[in-house]
Amino acid sequence: MAKKTLRSLGTERSMSLAVLPLRQRLNRRRLLGLSMAAVGTALVSPLIGACRGAGEAPTATTAPSGPATTPAPASPAAAETPAVAETARYGGELVIANEQNPVSLDPHFVRDVGSSRAMFYMYDPLIKVNQDLDLEPWLAEQWEVTEDGMEYTLYLRKDVTFHDDTPFNAEAVKFNLERQWDDQTNTRYIDDFKRYVESIDVVDEYTVRITLKELFVIFPRELLAFGSGHMISPSAAQKLGQDFAQQPIGTGPFKFHEFVQDSHLLMVRNDAYWGGKPFLDSLRVRIIPEQNVQMVELEAGNVHVSFSVQAKDVKRLQDTGITVINQPVPTASWISFNLAKGPTRELAVRQAIALSVDREAIVREVLLGYGQVSRGGSPKGWPRYHEDIPIDPYDPEQAKRILDEAGWVVEPDGVRVRNGERLKVNILSTQLERGVSYGLMNQIIQQAVEKIGIETELRTLEWGAYLDEFRAGEWWHVTFHAQNANAKDLVGAAIDPDAYWNVNQLGKVTEGELVQVAEQVREIYRKMNQELDPQKRVDLWKEIQLLIQEHQLISWLIHWDFLVGVRPEVKDLVVKPVYSDTLYNVHRTWLEQS
Amino acid sequence: MATVGIAFLFVVALIAILAPLVAQHDPNEQDLLARLKPPTAQHWFGTDELGRDVFARTVYGARYSLFIGIAGSMGGLLVGVSIGLLSGFFGGWVDHLTMRLIDIMLSFPGVLMAILIVSVLGPGLINIIVALTIWFTPTIARIMRGTVLVLKQQDFVEAARSCGAGNLRLMLRHLLPNALSPIIVYGTLSVATAILVAAGLSFLGLGVQPPTPEWGAMIGASRQYIREAPNSTFFPGLAIFLTVLSLNFIGDALRDALDPRLNVWTASS
C-alpha cells in the first residue's frame, strides 16, 4: 500500500506555464545538496583531471557539421522495431529522471513543467495535446463548439473507471471542473475558471455542456487539456479532502504506489486501463536535480529516459548506444529591454545592443548546432515563422555607428558618454538552465555590449527573486529571457503590455513614441483574444512581430532543440514537442528484456 | 610543513599582486570559438565554458579569494576582539547582554547563517566579507572574553591599576597584547575557513558576481562541464585546496609555538 511519505506538497505559487520553463526554487534542502556537491567537486575534480590525458580533447569542442540526432518518430507505431510478440512486451519498470519534486500529486494544483512531467501518468485529460501539438479526443470522445465560441459540449467515453472503481461520467466531470472555482479548494486554475467559465451542466450521463462567460479561444487547450482537465476520482476527493494529494486516484494507465520526497514517485500498472493493459509493470520517476548526474545514470542504465540532455552530452550518449531524440519545440529566447527605465528607453541603444550579439556563434559553439538563429521569435517550420521578418544581424561596427550618431561618444576609458552621462546598462541574471543557461547567455551579452562601449553591471539572483525583479523592472535594463509554449501558435514573448509577465515593461512606458506602440500592441492582443480562426491569429501576431522588429521592443536570439535521451531497450516511446506533459501514450511503451 | 605553507602562500600572494604580469590573457575575455579546450601551450590550464583562459582566471582569482579570506577574518577579528575585550573586562550587564547575543548567533549553523546574511544583503564581494565578519565574530569574542577573564585576575593587571592606569590603558596596553596568542592562531585558521566558505557561497551563486574570477564561482560555473572539460574545475579546485592546506599548516605551527598546553618535550638522544 501507499506509504505516507508525502510532505509539503502543493504550497507553491501558481505561475503561467508558458512563461516559466522551470520552477526551480533554491530551498534549504537544495542549498545543502549543493554545498555537498561543492565539497564533492573540490575533492573529485583532481581525480578526474588526473585521469584525462592532456592531449585528449573534450568531445564538446568539435562542432558537428549538422545535428546527427534521431528526429522524433512521426508515428508511434512499432514499424522500426523488430516484431516482438505482444505478449513478450509485458513487464519491466521504466525509470524516468525528473529535475524536481512535483509540487503536488493532485493535477489541479499542477501548472508547471517539472510536476506535470512527473505525475500526469496517473491521470487522463478530457482532451489531449498530441505529438503534433493538435488537440485530440481523450476522455471526451468528441466535442462541439458553438459558432460564437461560447459553449462547449463534451461527449464522454463510456468505458472508463477510476482506480477506486468510481465510474467516470458527466457527474464526475462536473465535479472536477466545479472544483476549479471552489474557494475552499483554491486550485491553480481558480482565477481562469472564475473569469471565463459561466456554468457546467450535465446533459445526460455521458454529456457535459460548458458555457463561457467571455470568449476564450484557447479554452480547451488551456483548461481542458492541462492540469485542470485531468480527472480525479470524485469519491476519493470528497473522502480525502486535502489528503487527496497523498493518495491520488485518477483514471490513468498507472496507479499511485508511493512517493518519497527528493527520491522517487513509483506508479504501478492499471490492469483495467480503458486504452488497453499497459505493457510496463511499473513506472518510476526519479528526482535527480543535477544534470550531470542524470547523464551518468542514463549511461549506467539506472535511468531510461532523461529530458535534460544538452548539446554537450549528445556525442557521449550516442557513443554509449543511447538514442537522443531531437525535438523541434516552439521555444523562444531573446534579450528583454526595459522600455520604461534607463538607457534602453532609447531606440539607438536597443538597436546597437541587438546588433552586438553574434547569434550564429552561439548556435554553432554553445548549442553545437542543436538550434537555430531566431527569426521573429519562431523556429522554422512553425506557423509563426515568416521569411520576410528580418533577423538581427551581427554587426558591431554598425552598432558603434548607431551609438556615435546618437551622440554617445567613446571616452578614453572605452565607455560612451553623452552630456556627462555614462552609457551603462544593468544586466539581470539567474542560474536557471533550460536548453541554454541564463548565466552563460547573460555573460555573452555582457561582453558583446561592453565591446561597443557600454558599461555594464551584472547581478545574479535566485530564480524566484529574479522573477520578482524581472516583473518589477526597477533595476534591470537588459536581461536574457526564454520561454516555451505548449501549442503551435502560442510561441513568443508576453509583449502584451497588460500581461502578468510583460517582458519589456511596455505597459509602464509614459513618454515618447512607445506610448503609441503600446496602444497598438494592446489593440492587436485584444483582437487576437477574440479571434477564433488560428490563421487570423497568426496574421495578427505577425503585426506584433513587425512592431517588435521596427521598434526593437525585444531582440530575438536563438531557438534551441529539445533533446531527450532514451535508452535503446525502451521501445515505442513517443515524445511530444512540449516541455510539459512530454510523453504520449506511455501505456504502449515497452521494454525489451535482455 | 609550516615553511612550505609560508613559501606557498608567499608565492600565491606574489602572483595575486603581479597577476597582470603573470597571466598573458585577460581573465574575462571570451572566445566562443575556443570553448572548453584542454590545456595547451597557449592556454596552460585550458579554457572554460565561455572560452576564457582558466590560467588567467585562476591567477586573478587569487586576488579575490585571498582578499575575501583575509578581509573576512580580519573583520571578524576586529569586531570579535573588541566585543570580547569589553565584555570580559567590564563584566556585569554588558557581559550578559553581549554573551546572550553571541549565544543566539552561535546557535545558527555557520553556513546557514552566512547564506542567510548574503540572501538578505544580496550577493556581492562586500556582502560576502560582511557575512564572514558576522560568522567569525561570536567565536572570536568568546575566545577573547575567556582569556581576558583569566588575565584580569592576575597581579600585573592589579599592579597597573594601582599605578593609576585607566580602563582604556589597561585594556589596550596590558590585556590585549597578552590575550593575543590564541587569537592569532584562530585568526590564521579562520582565513582558511573564510576562503572555503567564500568559495562555497560563490559556488552557490551567492558570492561574487560573474564574470569575476573567484575560485569558488569558477567551479560553480564550470561544474556543468566537468565531464567535458575537467580542467576548468580542476585548477581552481587545486588552488583552493593548496591555499587552504598551507594556511592550516601555518595555523598548526603557530598553535604548537604559542599554546603552552600543547608543549611537547622529546628526550634528547
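Residues numbered from 1 in each chain as written. Chains lettered and ligands numbered in written order. Predicted model: local features only at pLDDT ≥ 70, side-chain atom pairs only at ≥ 80, totals over all residues. Heavy atoms only, no water.

Novice: What exactly am I supposed to notice about the side chain of B:Arg227 here?
Specialist: Relative to the helices and strands, B:Arg227 resides in the loop between helix H9 (215-222) and helix H10 (231-258). Separated by 2.7 Å, the side chains of B:Arg227 and A:Glu299 make a polar contact. (Helix = DSSP H or I, 4+ residues; strand = E, 2+ residues; numbered from the N terminus. Polar contact = N/O pair within 3.5 Å; in protein donor to acceptor, adjacent residues only side chain to side chain.)

Novice: I would appreciate a short explanation of helix H1 (residues 2-17) of chain B in the present structure.
Specialist: Because an α-helix completes one turn every 3.6 residues, residues spaced three or four positions apart along the sequence face the same direction. Taking 1.5 Å of rise per residue, 16 residues should cover 22 Å, and H1(B) covers 22 Å from first to last C-alpha, within 8% of that figure. Those residues of H1(B) hidden inside the fold are in contact with helix H2 (19-22), helix H3 (54-90) and H10 of chain B. (Expected span 1.5 Å × (residues − 1). Contact = heavy atoms within 4.5 Å.)

Novice: Even after reading the chapter, I still don't get the sheet that holds strand S17 (residues 416-418) of chain A, so can you show me in this structure?
Specialist: Within a sheet, adjacent strands bond to each other through the backbone by hydrogen bonds, running parallel or antiparallel. All names here are of chain A. The strand order S16-S17-S18 describes an open sheet built from three strands, whose pairing is antiparallel. On the outer flanks of this sheet lie strand S16 (409-410) and strand S18 (421-422), each paired with one strand and no other. The pairing of S17 with S18 spans two bridges and is antiparallel. Following the sheet pairing, valine 417 is matched in S18 by arginine 422. (Pairing = 2+ DSSP bridges.)

Novice: What is the right way to read unusual backbone geometry from this model?
Specialist: The residue after B:Pro210, namely B:Pro211, is reached through a cis peptide bond having omega 5°. On the secondary structure map, B:Pro211 appears in the loop between helix H8 (167-203) and H9. If you check the backbone angles, A:Asn419 has positive phi at about 50° while not being a glycine. Considering the arrangement of structural elements, one finds A:Asn419 in the loop between S17 and S18. One non-glycine residue, A:Gln505, lies in the positive phi region at around 65°.

Novice: Would you mind going over the side chain of A:His230 with me for this structure?
Specialist: All names here are of chain A. Mapped onto the fold, histidine 230 is located in the loop between helix H5 (219-224) and helix H6 (234-240). When its relative accessible area of 1% is taken as the criterion, histidine 230 is described as buried. A distance of 2.8 Å separates the side chain of histidine 230 from the backbone oxygen of phenylalanine 226, its partner in a polar contact. Ignoring anything within four residues of it in the chain, the contact list for histidine 230 reads Pro107, His108, Phe120, Tyr123, Asp124, Pro125, Asn176 and Ala225. (Buried < 20%, exposed > 50% of the residue type's maximum accessible area, 1.4 Å probe, protein only.)

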